[in-house]
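# Summary of the model geometry
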Amino acid sequence: MRNIKLALLFITGFTFFSCQPKFDLQSDKHLTEIFTKNELKEIEKMIIYVDDMVVEKSGERDINEAYHHLLDQTMQDSSKYLVPFKEEEKYEFLESLDTKVFNEFWTFRRVGKAMYQDSIYENGYQFLELSINGRYVADYLERIGKQDDYYKSEIETMKMAWGLAPTTIAWFLKNHNEFDFTIPKNRLWATVFILSIEEPHDKKMERYLNGKKN
């Protein structure tokens, strides 16, 4: 059943993607120098997965406008838009990617100790963390940052925060209109940004504890 759901998701995504203006990751020379063709196909799956959600939630058919619309709504109504994916479904998708490619972007970690409703829990819930040592940040964004002050600044912030910092999230949501999401580096950044947003601690704890009861 899981494989059927993922297959339908990819078919839908590729159909949508084919209706959009030409978008070729291989037009970005830094991507092609850092990732192989097969790895770029996996990265394209990530982008299509997010594209499909962005278009559905925004109601916009133009992909650039769809991203801007969603990010606008995220700022205005975070309770509805800040966590755009159901976390179980997002994790299922990420785990379906080639493991090597996934590890160049993120890592799954588990909370060692967590406080919830005046109790302390050990070996708690799983969470997603942006990898600052993977090729996406350490190689790709490093190269982009040599010519782009925004990405240069964000690399420094991510290294200090050991991942996606709250200041990075706040700034991007406020200033996303400065970005053209038809450009590969910006579309990929928006994809990684949206996928990296996690549910709040309390919601994760509720699901974790409900899971332990079942």
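The structure we're discussing is the one just above.
Bear in mind that the values here come from a model prediction, so they are computed numbers and not experimental data. (Residues numbered from 1 in each chain as written. Predicted model: local features only at pLDDT ≥ 70, side-chain atom pairs only at ≥ 80, totals over all residues. Heavy atoms only, no water.)

## Section: the overall build of the protein
Rules: Each helix is a run of H or I in the DSSP string that is no shorter than four residues. Each strand is a run of E no shorter than two, and both are numbered from the N terminus. Throughout, exposure labels follow a simple rule: accessible area from a 1.4 Å probe, protein chains only, divided by the maximum for the residue type, with under 20% read as buried, over 50% as exposed, and the rest as partly exposed. Areas reported as accessible are Shrake-Rupley estimates using a 1.4 Å probe. Residue values count occlusion only from the protein chains shown.
Looking only at helices and strands, the protein has 12 helices and 4 strands in total. By the burial criterion, 49% of the 214 residues in the protein qualify as buried. Only carbon and sulfur atoms are counted for the fraction: they give 48% of the accessible area of the protein, which is about 11600 Å².

## Focus: the packing of aromatic side chains
The test is simple: Stacked, tilted and edge-to-face are the three classes applied to pairs of Phe, Tyr and Trp rings, where Trp contributes its six-membered ring and a pair requires centres within 6.5 Å; stacked means planes under 30 degrees apart, edge-to-face means over 60, and tilted covers the rest.
A full pass over the atoms with the stated rule returns 22 aromatic pairs. Pairing Tyr 91 with Phe 108 gives two aromatic rings, centres 4.9 Å apart and planes at 70°, and the pair type is edge-to-face. Note that Tyr 91 is positioned in helix 6 (residues 87-96) and Phe 108 in strand 1 (residues 106-110), a separation of 17 residues in sequence. Accessibility expressed as a relative area gives 23% for Phe 108, which makes it partly exposed. Each ring, one from Phe 105 and one from Trp 106, has its centre 5.6 Å from the other, and the planes form 35°; the classification is tilted. With a relative accessible area of 1%, Trp 106 lands in the buried category.

## Observations concerning the layout of surface pockets
Quick reminder of the rule: In the cavity and pocket records, a cavity denotes points on a 1 Å grid over the protein atoms alone where a 1.4 Å probe fits but cannot get out, a pocket denotes an open set with protein on both sides within 12 Å along at least 5 of 7 lines, and lining residues are residues with an atom within 4 Å of a point. Grid points are joined across faces, edges and corners, and a volume is the space filled by probe spheres set on the points. Just so you know the grouping, Ala, Val, Leu, Ile, Met, Phe, Trp, Tyr, Cys and Pro go in nonpolar, Asp, Glu, Lys and Arg go in charged, and all remaining residues, Gly too, go in polar.
Here the second largest pocket is characterised by a volume of approximately 220 Å³. Taken together, 14 residues form the lining of the second largest pocket, with Leu 128, Glu 129, Gly 163, Leu 164 and Ser 196 sitting closest to its centre. When residues of the lining of the second largest pocket are assigned to their parent elements, the largest contribution, 4 residues, is made by strand 4 (residues 126-130). When the residues that make up the lining of the second largest pocket are grouped by side-chain class, the tally is 10 nonpolar, 2 polar and 2 charged.

## Let's talk about the side chain of Lys 204
Note the cut-off: What makes two residues a contact is simply this: any of their non-hydrogen atoms within 4.5 Å.
Relative to the assigned elements, Lys 204 resides in helix 12 (residues 201-213). Relative accessible area serves as the criterion here: at 4%, Lys 204 is assigned to the buried category. With sequence-adjacent residues up to four places away left out, Lys 204 is seen in contact with Glu 87, Tyr 91, Tyr 125, Gln 126, Phe 127, Glu 198 and Glu 199.

## Concerning the nonpolar core
Stated formally: Here the nonpolar core consists of buried residues drawn from Ala, Val, Leu, Ile, Met, Phe, Trp, Tyr and Cys, with membership extended through side-chain atoms lying within 4.5 Å.
Core analysis: the largest hydrophobic core is formed by 53 residues, its most contacted members being Phe 105, Trp 106, Leu 188 and Trp 189. For this core, the element with the most residues is helix 3 (residues 37-58), which contributes 9 residues. Here Phe 105 is in contact with Phe 35, Ile 43, Met 46, Glu 129, Leu 130, Ser 131, Tyr 136, Leu 188 and Val 192, once residues within four sequence places are set aside. Membership of the second largest hydrophobic core comes to 7 residues, among which are Val 111, Ala 114, Tyr 116 and Met 205.

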